[in-house]
Structure formats: C-alpha cells, structure tokens
Amino acid sequence: MSDAYDFREVEERWQRRWADEGTYQVDLDDPRPKYYVLCMYPYPSGPAHQGHVRNYTFGDVLVRYRTMKGDAVLTPFGFDSFGLPAENAAIKGGEHPRVYTEKRIAELKRSVQRLGAVYDWRRELRSHDADYIKWNQVIFEELLRAGLAYRAKAPVNWCPGCQTVLANEQVLSDGTCERSGDVVERRYLEQWFLRITKYADELLESLDALDWPERVKTMQRNWIGRSEGAQFRMPLVGHEHLEVEVFTTRPDTGFGMTYAVLAPEHPLADVVTTPEQREDVERILEHARHSTDLERLSAEGALEKRGAFTGAHCVNPFSGEPVPVYVAEYVLGSYGTGAIMAVPAEDQRDYDFAKAYGLPIVRTVEPPGDFDGEAWTGDGAHVNSEWMNGLDVDAAKAKAIEWLEREGIGHRTVNYRLRDWLISRQRYWGCPIPVVYCPADGMVPVPAEELPILLPEDVEFRPTGESPLRFHEGFRRATCPTCGGPAVRETDTMDTFVDSSWYFLRFANPHDEYAPVDKAAARRFMPVDRYIGGITHAILHLLYARFYTRALGEVGLSPAELREPFSQLFCQGMIRLGGSAMSKSRGNVVSPDQYFETVGADALRLFHLFIGPAVEDVDWTDQSDDIIEGCSRYLARVWRLAVGEAAGSRPVETDDSSVGSSDLRREVHRTIARVSDDIERYAFNTAVAALMELTNSIYKHRGGGADPVAVEDAIDTLLELLAPFAPHLAAEAYERRTGKHVHIQPWPVADPALLRAERVKMPVQVNGKTRDVVEVDPDVSEEGAVAAALASDRVQGFLGGKEPTRVIARPPKIVNVLV
RNA sequence: GCCCGGAUGGCGGAAUGGUAGACGCGGCGGCCUCAAAAGCCGCUGUCCGCGAGGGCGUGUGGGUUCGACUCCCACUCCGGGCACCA
C-alpha cells in the first residue's frame, strides 16, 4: 500500500488492459449515444514528435471524458501513408517506399501507444493498403462517371524539384513549392481534375454554420473568393464577328473604361494584333508562357505592368467610343473571362498601367473632398456617367447590369477564385489513377472487378525523381477493356490529399467489403464531433474533405444528407523550438521517448495540457524540463495522497460534522464543475490547475483533521477527474482504492446545492479602491451587504466620520462606498 | 496595403465589468535529517515604511463607468493569414 509509483510497469499494464478489454471499442449496435473524436491522421514520419503528443493527448482527453460521460466514442486511428518523403528516401538509395513507410508506421504507432492514447485499433487503416487503393479507385471512377472528374489540358504548376505538377494550393505566395522550395514553373499539360468548383457556393455558404475557428473559415472564404459582378461583350473594331467578353465587379464604372486588356493567353490576343504591334505583343506572350500566375502578379509584376498595345480597338458600349485593346501580364487567363475593362480612375492596377502607358483617366465616382490618392475604390456619387450620374455605387451597379441585360450584351454573374482541383501527380508512391488509353477507344476506366490497380513492386528509382511507373513496361502495357486491344496504362497517381478526403468516412466501417463507405455505419457515426489537428490544413485538406463528402453523397457512395464532415474543428497550437515549428525536416525535435523513460507518459501528457491554452503555440525552452519535472512531482503527490503511507484506511461513515468537511465537499463539487466546463472549452490548462488546487486543499484538510470520509471521498473524485489527463496513474490508484476501473465510472456530477459557498468573502471598496473584505451570506440582500460593509472599522477609518455620498452594492460580489 | 490574433511578475500563464497575478516553474526561508536528496510548511509584482499600512502597477495615450486586463477611440510593437482575382 505504500510503494512508490512505478510508472513504467503501471503504464504498460494498463495499456495492455485497455486493449485486451476493448474498453474503447465501439460497434454499430452500441446503444449509447455516439460521439466521434478524430485527430487528423498523420503522415508516418517515424517516432512521434511533441506535436503529435500534443495532438493525441488533447484527443485522448476528450475520448476518455466522453466515455465516462456515457457515450459510445468512436476513436479510430490511421496513417496517411502515401507521399513524397518515402519516395525521396528511395531515390537517395534507401529502401523501397513500402518498406520505408511501414517501418515509420510501426515506429509512430509504438510511440502513440506508449503515450497511452486509446484507439480502436481494429479500425486502423493505411492509405497505401491494397484495400484502400481499391476504394480510392472505385470512388474515382464514380466521380468520372458523374462528370466530377475530368481530364483537361491546362497551364499547371510544375515543380522541377518534385518532378510533378502541384495543386494551386501547394504553391506558396512567393511562387515556390511548399514542399521542396523550388521555384514552380508553368507548363501546359494534360491533367486530371476534380470539379470542386461545382460546389463553390455551397462550400462557401455552409461555412457559417460550422463550429470552426473563425480564422479557418475566413481563410476558406478567401480561398473560394466569390465575387459578384457582370459579364459583357464588346465588338472589336474592324473585326466583323469578333467580340471580347469581360468580367467586372464594377459595371457601374463602365463610362470610365479608357482601354481594355486581354490576358496573354487569351485566344484573341494573337488574332487581333496588328502587324506593326506584333513584335511587342509577341514579347509579352512569350514571357508569360514561362511564368506562373504568381510570378506575374507578385514580384516583378509590381514594378512594371508588362504589357503591349495590340493595335486593335473595341467599342466601350457605355460611351460608344472606341478604346485601345492591350495585352498585359496583370490580367490572368484563368480568372473571369481572361479579359477586363480597364477603369484607371477606380482601380489602382489599371491606374498604374494607365500612367505607365499614357492612357486617359476619367473619374466616374466622385471621391471625397480630402481624397489625395490615385484610384478611388470607395463609394460616392457617379459623374461623367450620363444616366448613372448622381447614383451611389450600389444603385449604379444595379442600373448598369439592368442596362447590359436590356441591351442584350451582358448579364449579372458570379466569379470564383477557386479553381478545379488538379489531382494527378507524376510520382510513384501514390494511388494509381485507374484508366487506360486505347488507340481505338480513347481513355477507358478499368472495370471495377479488375480493381485495385496496384503499384508494381519491382521498380527502379531514378535520381531525377521521374516516376518509375513511366518506365515500367509491365505496368504500362494494358488491355483495352472495351475492344480488347493493346492499350497504355495511365502512369499518374493521385494527390495524397485525395486519400485524406474520405478516410474519416471509411473509419465508420473500415473493413466493409462492399463499398468504400458503409452508409449505415456512416449515418451512425458521422459527422465527426470533434476534429483535432493543426492549422496548417486550414485550406487544403479541410476544403477537399468538405468537397469530397458532398461529391460522394452526390454519386451515391455516402449518405446524401451528409454535407459537412466535421461539426467542430479544433486547431491546436504548434510546438516551437528556437522560433520555428518543431519538425523532423528542420531537425529541431525533442523526442518524447526520453520522457517515457524518465517521467512516464502521464507526466508528459500533463505538461502539454498544463503549459498553456491548447490553441496557443508553445515554445519549448530551458524551462520545459523543469515544468515536466513539476508535473511528475504533482502526480507523485496525488499518488501519495491516494495510496501512499499517509493514505488512511477507508473510514466508516460518520455524520458530516467534522471541522471543514463541508468546505471540502463544496470544493470538490466546484472542481467537478470547473473541470467539466474546462474540458468542453479545451481549457485543459485551467482544468489541470483546478485539480492541483483541489489536491492542495485535500492535503490541508487532511492535515487539519477534517472528516476522513469527506477526505477519502474527495480523493476518489479527484482520481475520477484526473482520469482523462493522467489515465494510467488515475486507473491504478483508483483500482487499488476501490477495486473499480475508473475509466468506466460515470463522470462525476456537480451538485448545484454544493456549488454555492456557505459564506462568501465580499470586497469592500472606498472610492473604487478595495479597503477590506467582509464575510457575507451568498444570498445577502443589498441592505445587508451595505450594512456589513459600513460595519467595517477599516471602511469607517477611510470615511473619517463623513457620510457616504453614494453606495453601490452588487451583493455578494462587491460594495463600493463613495465619499 | 488589407484582414485576423496577441502584449499581464524573473518565466509559462489565470481572471462572466467587481480583491489583478489562480495554478505551476524558478528563487528565498523554515521543518525533517548526522548530512543531503525527497517530502512537508511558509514567503515571493514593485516602491516607501521597523511596523500597522500606504503609493504605483496588466504595451502607450485618451474615453465610457461607482469600478476597466476586460468595453470604445487612436497609436506602438510582435505573430499569423491574404495580397494585383478585375
């Protein structure tokens, strides 16, 4: 009964027991209310780092808490096991990506288990497993059938370092690859796309109702980038049948259009250019071919708006006047119609360009009198606009659109910044795209019964990073499912974000043999109630997953009514060391393993929970080891209290009259309320603080001769409350004391009657400064509070015999006496 | 440039408009011990004061309020996101 706490032995034993007893396994027919807690499944990069520890500890607290609350908690785990690092390792002369990846998975799994985070391992899934590949391919083919997947030639982002194309989302704002840091090039290639733009509006609008961090929702809104405006056509002077169509958000400024601009990739750019201008224009087109949007729009583009006059004119339909048509890099072929009406007076980019090329500037919106800037984009009365004169911007917009529609040259329209998702990757270690190309039948999907198309194992990795699939004849050579003739297999693989876009649905029944998603199981467990992960996935993964959930519903592969996969999202802060995020690639990791050896998993968990608010970033400092030490000390203190030498044998019930026992009981119930509330709010740091306070208090009461029954009850409740945070120690101590398994006990409920103190300390202020504290009944009346305040000698001293001019009483919180 | 966060002791941090600094780290002191470790107990924002006590104090300047870390306005610094999307 008095032995020291042997965390190594205890942690291992309880981990085995939770697994053996299936404490955290739930099934479809579980009668309890469902609750789905999910941490973003990790890329397996080896043993867990502190970021993982933090993530899984938070998730585990919720899993254990909700389980004690009586829910059937779905707590699955898996591995996002396709991806470039494994392939890069192979290229550098390492192992085959499969061997490499599976070793890293084993390492990560081991440290996750040592942490004592509990998962239903029966549900484990890995993206690179044949089963997952098969369903990934089945989904792809359904999307293809439904027109949600398609193949198109497009200007794409090519990363020379990764030897593959990238999604727009994977290119940083400085035009480099988020993974390799290489400058991304523009290439025109046939690629596979998923039609995410079909859902642009819904993805935008349903953000409002989600319980997600506001900044994540803002980032998604920005990314989708909805803008309302108008589209209209302008005849080209001297070209009978040619028109240029433009998109604008400011149709009201039409009279101020003094020129028009075509994107360099606009099909008309070449057509309308006059022989005299050809050389100038060709230079622009040539330059644009070699740069990405980002290059064109950022760095150099800011200095000079590279452009050229085409020699052509179009007619401004508002004024009826011809205006020159330019080609310029600041207009993108991929947004809107790839052509704009330029209004220098009301658009800064147009203004800069007009200045540089000596083009006229005509105001159509009167800026405020004190405006000393260049282009005015705010509201104001219209001028130089004939039938719009005097109207404000909104009214003029409405009138302009009405006019365009009446004239039959244009209409109201909505544009999005969001583009379709480019999913093909010219790499090996990913899910093969299941189609073949037949000289006779063209592109043909592989029949479902032939899936999965697996990656060949016997491949050679080239130092250039080129996909070995392209050189693997056995893989490339295929038979056309339609005509039976020879065909060539697609060698592109899918973006790994495809894998992570539906794994949470698969978890509902990960071994279903009939469909990628078991709809009945998905109806039971989806949506995810608490999704926990890093802010780094704010746009990419979370947007794709929202899209995929809808797309799967549309093609009948998941419940159609399920639109949003993650009801609540929590983004935990990251761990920094030396100013930057702790990561394996930076080589600044502090491994959790050493702490499993020296202080145990519970102490390390407690550190991450206690160190600060869960949403905030944490700096790993010289002090961190001291704090971990402190957490370990705290746990030892609880252990001694619960099962150590000083722990009393269980006393017989007595009446509840001993000194202080009532105070202790009240404190226990206040702690129950605080801890429960704090867990719901992810305020784990204050929850732990509350447990420490209660622990200190129990020590004091026991030393002060409080009723042993109250003390022992308090200790039991303390262990119940501690169970989600330090699950091993709490389980062991609780079992020794009560013979019961704490993790399947009901979560304690605070008694409202005990939440109110018998007497409360009420500060008394004189002129707003606290001068004394008096004890009052919590239900004290205003008169009673004032009387108690004025009865204070100290208060009287400050009054100096004078009558208060005013007394503000907010019983039992405060009394403020004014003189 | 625009949009979000944030700034509190030596340090991490706590505070529905009501005693600022809970809890912990570090530090100081005491008990225990032959001694140390561990543990237990106490003190620890700052200035003045022997003390009782008092002044000052939540990035800066203003405001609202009986009362402001908290609300409002302006600013400084730090962090993050977006940044020619027409």
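Only a predicted model underlies this, so the values are computations on that prediction, with no experimental measurement involved. (Residues numbered from 1 in each chain as written. Chains lettered and ligands numbered in written order. Predicted model: local features only at pLDDT ≥ 70, side-chain atom pairs only at ≥ 80, totals over all residues. Heavy atoms only, no water.)

### Brief notes about the overall build of chain A
Scanning chain A from terminus to terminus reveals 28 helices and 30 strands. Each principal axis of the C-alpha distribution contributes one length, and for chain A these read about 105 × 85 × 45 Å. Residues classed as buried in chain A amount to 55% of the 819 residues present. Counting contacts in chain A only where the partners sit at least 6 residues apart, residues at least 24 apart contribute 73% of the total. Taking the average location of the 93 positive side-chain charges in chain A and that of its 125 negative ones, the two points are 3 Å from each other. (Helix = DSSP H or I, 4+ residues; strand = E, 2+ residues; numbered from the N terminus. Buried < 20%, exposed > 50% of the residue type's maximum accessible area, 1.4 Å probe, protein only. Contact = heavy atoms within 4.5 Å. Lys, Arg positive; Asp, Glu negative; His and termini not counted. Charge placed at Lys NZ, Arg CZ, Asp CG, Glu CD.)

### A closer look at empty space enclosed by the protein
Summed over all chains, the structure comprises two cavities of 30 Å³ or more. Of the voids in this model, the largest cavity is the one considered here, and its volume is about 70 Å³. Lining the largest cavity are Val 37, Leu 38, Cys 39, Tyr 56, Gly 59, Asp 60, Val 63, Thr 75, Pro 76, Phe 77, Val 118 and Tyr 119. Elements with a contribution of two residues or more to the lining of the largest cavity: strand S1 (34-39) and helix H2 (50-68). Top contributing element to the lining of the largest cavity by residue count: H2, with four residues. For the lining of the largest cavity, a count of residues per class yields nine nonpolar, two polar and one charged. In this structure, the second largest cavity occupies an estimated 30 Å³ of space. Around the second largest cavity sit Thr 23, Tyr 24, Gln 25, Val 26, Arg 32, Thr 67, Asp 71, Ala 72 and Val 73, which together line it. (1 Å grid on protein atoms, 1.4 Å probe; cavity = no way out; pocket = protein on both sides within 12 Å on 5 of 7 lines; lining within 4 Å. Points joined across faces, edges and corners; volume = space filled by probe spheres on them. Nonpolar A, V, L, I, M, F, W, Y, C, P; charged D, E, K, R; others polar.)

### Topic: the environment of Tyr 132
Along the chain, Tyr 132 falls in helix H5 (residues 130-145). Separated by 121 residues in sequence, Tyr 132 and Thr 253 place their C-alpha atoms 54 Å apart. Contacts of Tyr 132, omitting those with residues within four sequence positions, involve Leu 125, Arg 126, Ser 127, Asp 499, Trp 502, Tyr 503 and Arg 506.

### Some points on the environment of Tyr 514
Along the polypeptide, Tyr 514 turns up in the loop between helix H16 (503-506) and helix H17 (519-525). Considering only alpha carbons, one finds Tyr 514 and Trp 135, 379 residues apart in sequence, at a separation of 9.6 Å.

### Some points on the pattern of salt bridges
Opposite charge on two side chains makes pairing possible when the charged atoms of those side chains draw close. Following the criterion strictly, the structure yields 59 salt bridges and no others. The residue Arg 13 makes a salt bridge to Glu 732 at a minimum N-O spacing of 3.0 Å. Here the residue Arg 13 occupies a position in helix H1 (residues 7-21), and Glu 732 occupies one in helix H25 (residues 727-738), the gap between them amounting to 719 residues. For Asp 60, the salt bridge is made with Arg 605, and the minimal N-O distance between the two is 2.8 Å. Residue Asp 60 is located in helix H2, and its partner Arg 605 is located in helix H20 (residues 601-610); the two are separated by 545 residues in the primary sequence. The class for Arg 605 is buried, based on a relative accessible area of 0%. (Salt bridge = Lys/Arg side-chain N within 4 Å of Asp/Glu carboxyl O.)

### A word on the nonpolar core
Generally speaking, soluble globular proteins have nonpolar side chains that are buried together. Judged by nonpolar contacts, the single largest core of 93 residues is most densely connected at Trp 421, Tyr 503, Phe 504 and Tyr 548. Sort the elements by how many residues they give to this core and helix H18 (residues 540-554) lands first, with nine residues. When residues no more than four places from it in sequence are discounted, the contact partners of Phe 504 are Tyr 36, Leu 38, Met 526, Val 528, Ala 545, Thr 549, Pro 565 and Phe 566. (Core = buried A, V, L, I, M, F, W, Y, C linked by side-chain atoms within 4.5 Å.)

### Some words on the sheet that holds strand S20 (residues 486-489)
An order of S18-S17-S20-S19 is seen for the four strands of this open sheet, with the pairing classed as antiparallel. Pairing within the sheet leaves two strands with one partner each, and these edge strands are strand S18 (442-445) and strand S19 (477-479). Across this sheet, the average inter-strand angle for adjacent strands is 45°, counted without regard to direction. One ladder, built from two bridges, connects strand S17 (residues 435-438) with S20; its direction is antiparallel. In the strand pairing of S20, Val 436 is matched with Arg 489. (Pairing = 2+ DSSP bridges. Axes fitted to C-alpha atoms, helices over the stretch in contact; angles between N-to-C directions.)

### Points about the sheet that holds strand S6 (residues 164-166)
Pairing within the open sheet is antiparallel, and its four strands lie in the order S6-S5-S7-S15. Of all the strands in the sheet, the pair left with one neighbour each is S6 and strand S15 (421-422). Sheet topology note: the strand S5 (residues 149-159)/S6 ladder contains three bridges and is antiparallel. The residue of S6 that forms the bridge with Trp 158 is Val 165.

### Side note on the packing of aromatic side chains
Throughout the structure, instances matching the rule amount to 44 aromatic pairs. By way of ring pairs, the aromatic residues Tyr 41, Tyr 503, Phe 504, Phe 507, Tyr 531 and Phe 566 are connected into one cluster. (Phe/Tyr/Trp six-rings, centres within 6.5 Å; stacked < 30°, edge-to-face > 60°.)

### Brief notes about the confidence of the model for chain A
Low-confidence regions, as indicated by low pLDDT, have predicted coordinates that should not be scrutinised in detail. For chain A, the mean per-residue pLDDT works out to 89, and 94% of the residues sit at or above 70. Here residues 298-303 is modelled with pLDDT under 50, and outside its nearest four sequence neighbours on either side it reaches six contacts, counting other chains as well. pLDDT under 50 marks residues 652-659. Its contacts with residues more than four places away, or in other chains, come to 13 contacts. For this predicted complex, the interface confidence score (ipTM) comes to 0.94, while the overall pTM stands at 0.92. (pLDDT = per-residue confidence, 0-100.)

### So, H20
H20 sits mainly inside the fold: nine of its 10 residues count as buried. If you check which residues of H20 are buried, you get Ala 601, Asp 602, Ala 603, Leu 604, Arg 605, Leu 606, Phe 607, His 608 and Leu 609.

### Details of the packing of H20 against H25
Where H20 meets H25, the axes come as close as 7 Å, and the angle between the chain directions of the two elements is 125°. Regarding the angle of H20 to H25, the classification is oblique. Residues Ala 601, Asp 602 and Arg 605 of H20 form the contact with H25, whose own contacting residues are Pro 727, His 728 and Leu 729. Taken together, the residues of the contact of H20 with H25 sort by class into three nonpolar, one polar and two charged. (Parallel < 35°, antiparallel > 145°, perpendicular 65-115°, else oblique.)

### A few points about unusual backbone geometry
Note on backbone geometry: most residues besides glycine have negative phi, and most peptide bonds are trans. Geometrically, the link from Leu 451 to Pro 452 is a cis peptide bond, its omega value of 5° lying close to zero. Mapped onto the elements of the fold, Pro 452 is located in the loop between S18 and helix H14 (473-476). Between Pro 811 and the following residue, Pro 812, the backbone shows a cis peptide bond with an omega angle of -5°. By secondary structure assignment, the location of Pro 812 is in the loop between strand S29 (806-810) and strand S30 (814-818). Its identity as a non-glycine residue notwithstanding, Glu 386 has a phi of 45°, on the positive side. Considering the arrangement of structural elements, one finds Glu 386 in the loop between helix H12 (348-357) and helix H13 (393-407). Glu 386 gets classed as exposed once you look at its relative accessible area, which sits at 54%. In this structure, Asn 767 takes a positive phi of about 55° despite not being glycine. Checked against the element boundaries, Asn 767 lands in the loop between strand S27 (760-766) and strand S28 (769-776). Given a relative accessible area of 44%, Asn 767 falls into the partly exposed group.

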